[in-house]
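As a plain string of letters, each chain reads:
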Amino acid sequence: MQHLVEEMNFHKAMCVRWLDVAASESTHTRDWMPVEVGEMFVWLALTMLMAHLSRPRTYTSPAKLCLHPHHIRNTWNRTHTAPATHETTTTLHLEQIEPHPQKRIPHFVLQSSGESGIGRACCQVLAREGAQVVVTDINLQAAKHTLTLLPGGRQHVPVAMDVRDRSSVEDAMKSAQDQCGAPPSLLVNCAGVLTFAPILETDDDTWQKNIDVNLTGMFLVTQAFATSLLENGKDSKGAIVNIASIGGKIGGTNMSGYTASKGGVISLTKTCAAELASKAIRVNCVLPGVIDTAMLAILSEETRVHFKHLIPLGRFGYPEEVAEVVAFLLSERSSYMVGACVEVTGGSAM
């Protein structure tokens, strides 16, 4: 515990230093509010506590973890194995987390690609927090299936959307607004593809597929979302969270199209953040590490073991762990975060 306290104090000092630097370059027209700084410290402390409790132990025991000071409780079922294996299996039970009124997200959210993995987890967490969710996917039936998994029932809306096609994106935005009576005020850009091929063997179609879905799609949806929101009135406030990847920051072998497109997402996020902050639309992004989703099905067991050894926590991340960060960035608790790229990696690539 003493080690944890010392580590938290170090990171707190680093945050204070970062806040001093960031304040001098801020695009906002106001100073930091104490409550906003406090929220960052609380979030940092709880994130570190979650990481500390997630380390492998030699016993089997359920643990209840307080996620924030309002006593929202989350039950983690851990199956711990011998320390030498560094394997930890965690199951998150979203239905056991009761949202506090001050943490709820009473907004209309457009979720780009909510069919599976991180997208579906974001839909579940945001619906739990009180948001009305528009689940979009290129496959309408898949979007409808996700709706059956969300609390809130019929208030949520499924819409077909191909993020690569401007007409499809604009039609989906209009359909969402018509069905809900207002444009969405929150956006999660989550559509993505992942292909593996050495750079010398990557053909044009493979390259373009990554760029079209991961980067161009995000541009088209962001543009349509912001236009729709701003046309609704000058007082409209909004927030956007883009799902990038730690690969967009550090690169990676045999995935040139994917890492290049995700690097573009990081740059697009910062550009949009700089342009839209003055229009009361905050833009941030999340950089997941290796997350246990269907995308990893193409990896061999040998490759999976290799990746796990590169992660200090010794395991892959869970979609729900990314979704909780997305919910934070969409909420008013992150009201002074603009252009931030938050890493959710289990400690890899530090």
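Right above here is the structure, for reference.
Structure report, in brief. Keep in mind it's a predicted model, so treat the numbers as computed, not measured. (Residues numbered from 1 in each chain as written. Predicted model: local features only at pLDDT ≥ 70, side-chain atom pairs only at ≥ 80, totals over all residues. Heavy atoms only, no water.)

## Here we look at the overall build of the protein chain
Assigned secondary structure in the protein chain consists of 10 helices and 10 strands. Per-residue burial for the protein chain yields a buried fraction of 48% across its 350 residues. Taking as baseline every contact in the protein chain between residues at least 6 positions apart, the subset at least 24 positions apart corresponds to 67%. Taken as a whole, the protein chain presents about 17,100 Å² of accessible surface, with 56% of it coming from carbon and sulfur. (Helix = DSSP H or I, 4+ residues; strand = E, 2+ residues; numbered from the N terminus. Buried < 20%, exposed > 50% of the residue type's maximum accessible area, 1.4 Å probe, protein only. Contact = heavy atoms within 4.5 Å. Areas by Shrake-Rupley, 256 points an atom, 1.4 Å probe, with all protein chains shown as cover.)

## Some points on the packing of aromatic side chains
Scanning the entire structure with this criterion turns up 0 aromatic pairs. Over the ring of Phe316 we find Lys308, and its NZ or CZ is 5.2 Å from the ring centre. (Phe/Tyr/Trp six-rings, centres within 6.5 Å; stacked < 30°, edge-to-face > 60°. Lys NZ or Arg CZ within 6 Å of the ring centre and 35° of its normal.)

## Some thoughts on helix H10 (residues 319–330)
Spanning 12 residues, H10 covers 17 Å between terminal C-alpha atoms, matching the ideal 16 Å at 1.5 Å per step. Within H10, 11 of the 12 residues are buried, which leaves it mostly tucked inside the rest of the structure. Restricting attention to buried positions, one finds in H10 the residues Pro319, Glu320, Glu321, Val322, Ala323, Val325, Val326, Ala327, Phe328, Leu329 and Leu330. (Expected span 1.5 Å × (residues − 1).)

## What to know about the pairing of strand E7 (residues 186–189)
In the case of a regular strand, side chains alternate between the two sheet surfaces. Here E7 shows a buried face lined by Leu186 and Val188 and a second buried face lined by Leu187 and Asn189. Relative to E7, strand E4 (residues 108–112) runs parallel, the two being bridged by 4 bridges. Counted as the bridge partner of Gln111 is Val188 from E7. For E7 and strand E8 (residues 238–243), the ladder comprises 4 bridges, and the chain directions are parallel. Residue pairing in the sheet places Leu187 in a bridge with Ile240 of E8. (Pairing = 2+ DSSP bridges.)

## Some details on the environment of Ala260
Locating Ala260 in the fold gives a position in helix H8 (residues 256–276). The exposure class assigned to Ala260 is partly exposed, which follows from its relative accessible area of 34%. With 11 residues separating them in the primary sequence, Ala260 and Lys249 have C-alpha atoms 9.2 Å apart.

## With respect to the packing of helix H3 (residues 117–128) against H10
Between H3 and H10, whose axes approach to 8 Å, the crossing angle comes to 50°. Accordingly, the angle class assigned to the pair H3 and H10 is oblique. Crossing geometry of H3 relative to H10 is assigned as right-handed. For the pair formed by H3 and H10, the contact residues are Gly117, Ile118, Ala121, Cys122, Val125, Leu126 and Arg128 on the first element and Pro319, Glu320, Val322, Ala323, Glu324, Val326, Ala327 and Leu330 on the second. Among the residues forming the contact of H3 with H10, the class breakdown is 11 nonpolar, 1 polar and 3 charged. (Axes fitted to C-alpha atoms, helices over the stretch in contact; angles between N-to-C directions. Parallel < 35°, antiparallel > 145°, perpendicular 65-115°, else oblique. Left-handed = near helix turned anticlockwise from the far one by under 90°. Nonpolar A, V, L, I, M, F, W, Y, C, P; charged D, E, K, R; others polar.)

## Points about the packing of helix H5 (residues 166–180) against helix H6 (residues 204–231)
Two elements in contact, H5 and H6, have axes separated by 10 Å at closest approach and are oriented at 35°. Where H5 crosses over H6, the handedness of that crossing is right-handed. For the pair H5 and H6, the contacting residues are Arg166, Val169, Met173 and Gln177 in the first and Phe219, Leu220, Val221, Gln223, Ala224, Phe225 and Ser228 in the second. Its residues assigned to classes, the contact of H5 with H6 comprises 7 nonpolar, 3 polar and 1 charged.

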